[in-house]
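# Observations on the three-dimensional arrangement
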Amino acid sequence: MSDDPETRAEQTLRRAQELVPVLAERAQATEALRSLPAETIADIRAAGLHVMGKPLRLGGAELPFDAIVQVVAALARGCASTAWVCGVYSDHAMIVGMMDPRVADEVWADDPDASISAGFFPAGTNEVAEGGWRLTGRWGFASGCDHARWVFLGSVIAAGDAPPEPYLCLVPIDEVEIDDDWQVMGLAGTGSKTLVADRVFVPHYRMIPLRLSSGGWEARGKPDVPPLYRLPHVTTIPFHFAATALGTAEGLLDDVIAEIGERHSFGAPVAEYATMQLRIAAASAEIDCARMLIERDTREAMQAMREGRSLTLAERARNRRDMAIAAQLCQRATEGLFEAGGARSVYSSSVPQRKFRDVRVAANHIILKWDVAGTTYGRVALGLDPASPFI
């Protein structure tokens, strides 16, 4: 693997782009399976897409985050579920890189291909145990859990004399059960099922409070880690969710343009309809705006980390605003493109309706909800306390 991060990024993006036609052919079967097929997992691993966020010292790619987002968007042109899972695996590898170095050593000690899923939302109960805690409960939305070796479980823990606060706790997948309850309208192939734990032990060193993961390198007191692991989590990393919506919308735009170019209605070329021309113009502008916001914010965040500078509150609020509005723009674009397809789009076998549903579900993720992100930005812009845990 190249020592130059830009070269590694270019090589990884090229391999992702080469997979797009294959993923597109499998997309309907992936949705029906409600999990990534074994063939797709094999392709992801062969292309090195599962190690984008893994530390370089352990054989990972450790790509700049803006490069990871580019790869996720490229994959989404072929299959939104595959892109989402690759983004999630990168996200969780980055969190491991923010923790005690023993965690990364343990995760990849006997399996260099190990991936990490998560039930982030704090749930269940916990009890003190010697050297750590025991967790019991159910954690939903664990994307990619069928093919993961480890899982993060969120739990509100009162450590020592400190007040209770949310933690992420890392445990092996074989110590939890998977409840196959992922019956959903979109992103079905992500296999985001529910994890069930019964007094699963997690040692102290495999835990990190959200306060630190989202606070960035300065809050964690780790100025000497590589730039990728200096990022504040909640205000940067969820751009990979928006990137899934972006790539899916871009792919749909290409599909609709190609289809309309060959279509006739009552003997007249549909491309000659001004209404169609306006739909294409509006969707392409919305998608371009989303891409520009995502690329700018992720590029500037990585540059700040290289410079050893923490993101300001205003920058973090802007990032939250932009990841949410980018998802909204992609949702709006896919709605218009779906309507442009007319009656043909409503068939369950049609690509436009699947991409429409996938983007709709992606944009519904809590971290991309405009109501939360928009008010958070507004409060910060007006000099108020953010009043949100998502910043």
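A few points on the structure. (Residues numbered from 1 in each chain as written. Predicted model: local features only at pLDDT ≥ 70, side-chain atom pairs only at ≥ 80, totals over all residues. Heavy atoms only, no water.)

### Some thoughts on the overall build of the protein
Within the protein, the regular secondary structure consists of 12 helices and 10 strands. Computed over the C-alpha atoms, the radius of gyration of the protein is 21 Å, within 12% of the 21 Å expected from 2.2 N^0.38 for a compact globule of 391 residues. Along the first, second and third principal axes, the C-alpha set of the protein runs to 75 × 45 × 40 Å. For the protein, the residues scored as buried account for 54% of the 391 residues in total. For the protein, the proportion of contacts with a sequence separation of at least 24, taken over those separated by at least 6, is 73%. When the accessible surface of the protein is totalled, it reaches about 16400 Å², and 55% of it is carbon and sulfur. (Helix = DSSP H or I, 4+ residues; strand = E, 2+ residues; numbered from the N terminus. Rg over C-alpha atoms; globule rule 2.2 N^0.38 Å. Buried < 20%, exposed > 50% of the residue type's maximum accessible area, 1.4 Å probe, protein only. Contact = heavy atoms within 4.5 Å. Areas by Shrake-Rupley, 256 points an atom, 1.4 Å probe, with all protein chains shown as cover.)

### A few points about helix α10 (residues 313-340)
Residue pairs spaced three or four apart in an α-helix point in one direction, given the helix's 3.6 residues per turn. Helix length check: α10 (28 residues) gives 41 Å between terminal C-alpha atoms against 40 Å at 1.5 Å per residue, within 8%. Backbone geometry just after α10 places G342 at a positive phi near 65°. (Expected span 1.5 Å × (residues − 1).)

### Concerning the packing of helix α3 (residues 65-76) against helix α4 (residues 80-98)
Where α3 meets α4, the axes come as close as 7 Å, and the angle between the chain directions of the two elements is 160°. Here α4 runs roughly antiparallel to α3, going by the angle between their axes. Between α3 and α4 the crossing geometry is right-handed. For the pair α3 and α4, contact is made by F65, I68, V72, L75 and A76 and by A80, A83, C86, G87, S90 and M94, respectively. Residue composition of the contact of α3 with α4, grouped by class: 9 nonpolar, 2 polar and no charged. (Axes fitted to C-alpha atoms, helices over the stretch in contact; angles between N-to-C directions. Parallel < 35°, antiparallel > 145°, perpendicular 65-115°, else oblique. Left-handed = near helix turned anticlockwise from the far one by under 90°. Nonpolar A, V, L, I, M, F, W, Y, C, P; charged D, E, K, R; others polar.)

### Some details on unusual backbone geometry
Non-glycine residue R34 carries a positive phi angle of around 65°. By secondary structure assignment, the location of R34 is in the loop between α1 (5-33) and α2 (38-46). Judged by its relative accessible area of 18%, R34 falls in the buried class. In the Ramachandran plot, E62 falls in the positive-phi region, its phi being about 45° despite a non-glycine side chain.

### A few points about the sheet that holds strand β8 (residues 207-209)
One open sheet holds the 4 strands; their spatial order is β1-β4-β5-β8, and the pairing between them is mixed. The open sheet has two edge strands with one neighbour each: β1 (116-119) and β8. Each neighbouring strand pair of the sheet contributes to a mean axis angle of 25°, computed without reference to strand direction. Note that strand β5 (residues 165-172) and β8 share 3 bridges and pair antiparallel. The partner of Y167 across the bridge, within β8, is P209. Where α4 meets the sheet, its contacts fall on β1, β4 (150-157), β5 and β8, and the angle it forms with β1 comes to roughly 90°. (Pairing = 2+ DSSP bridges.)

### Re the pairing of strand β2 (residues 125-129)
Judged from the 5 bridges that link them, β2 and strand β3 (residues 132-142) form a sheet pairing that is antiparallel. Following the sheet pairing, E127 is matched in β3 by R134. Hairpin remark: β2 followed by β3, antiparallel, with 2 residues in the connecting loop; positive phi at G131, about 85°.

### Let's talk about the sheet that holds β3
With antiparallel pairing, the 4 strands of this open sheet are ordered in space as β2-β3-β7-β6. With one partner strand each, in any of the chains shown, β2 and β6 (177-179) form the two edges of the open sheet. Each adjacent strand pair in this sheet contributes to an overall mean axis angle of 20°, direction not counted.

### With respect to the side chain of K54
Among the structural elements, K54 can be located in the loop between α2 and α3. Here K54 is buried and forms no salt bridge, its nearest opposite-charge partner D113 lying at an N-O distance of 6.3 Å. Ignoring anything within four residues of it in the chain, the contact list for K54 reads G59, G60, A61, E62, A93, W108, P112 and Y229. (Lys, Arg positive; Asp, Glu negative; His and termini not counted. Salt bridge = Lys/Arg side-chain N within 4 Å of Asp/Glu carboxyl O.)

### Concerning the nonpolar core
Counting 76 residues, the largest nonpolar core has L49, F65, L75 and L231 as its most contacted members. Elements represented by at least two residues in this core include exactly α1, α2, α3, α4, α8 (239-261), α9 (274-306), α10 and α11 (351-363). Broken down by element, the residue count for this core peaks at 11 residues, all from α8. With residues near it in sequence (within four places) discarded, L231 still touches F65, M98, S213, G216, R220, T236, I237, A301, M302 and M305. One finds L135, A142, Y167 and C169 within the second-largest nonpolar core, a separate group that totals 18 residues. (Core = buried A, V, L, I, M, F, W, Y, C linked by side-chain atoms within 4.5 Å.)

### Considering a negative patch on the surface
The grouping of D3, D4, E6 and E10 at the surface amounts to a negative patch. With respect to the helices, strands and loops of the structure, E10 is situated in helix α1. (Patch = residues over 30% accessible without salt bridge, like charges linked within 9 Å, V, L, I, M, F, W, Y side chains within 5 Å. Charge placed at Lys NZ, Arg CZ, Asp CG, Glu CD.)

### Considering the pairing of β3
Side-chain direction in a regular strand flips from residue to residue, so the side chains alternate between the two faces of the sheet. The sheet contact formed by β3 and strand β7 (residues 193-203) spans 8 bridges and is antiparallel. Looking at the pairing, G132 lines up with P203 of β7.

### Quick notes on the packing of aromatic side chains
On inspection of all chains with the given rule, the structure shows 3 aromatic pairs. Here F141 and W182 contribute two aromatic rings whose centre-to-centre distance is 6.1 Å and whose plane-to-plane angle is 85°, an arrangement assigned as edge-to-face. Separated by 41 residues along the polypeptide, F141 in strand β3 and W182 in the loop between β6 and β7 bring together distant segments of the chain. By relative accessible area, which is 64% here, F141 ends up exposed. Taking the relative accessible area as the measure of exposure, W182 reaches 8% and is therefore buried. Note that R321 overlies the ring of Y377, its terminal NZ or CZ placed 4.6 Å from the centroid. (Phe/Tyr/Trp six-rings, centres within 6.5 Å; stacked < 30°, edge-to-face > 60°. Lys NZ or Arg CZ within 6 Å of the ring centre and 35° of its normal.)

Structural measurements only, silent on function.
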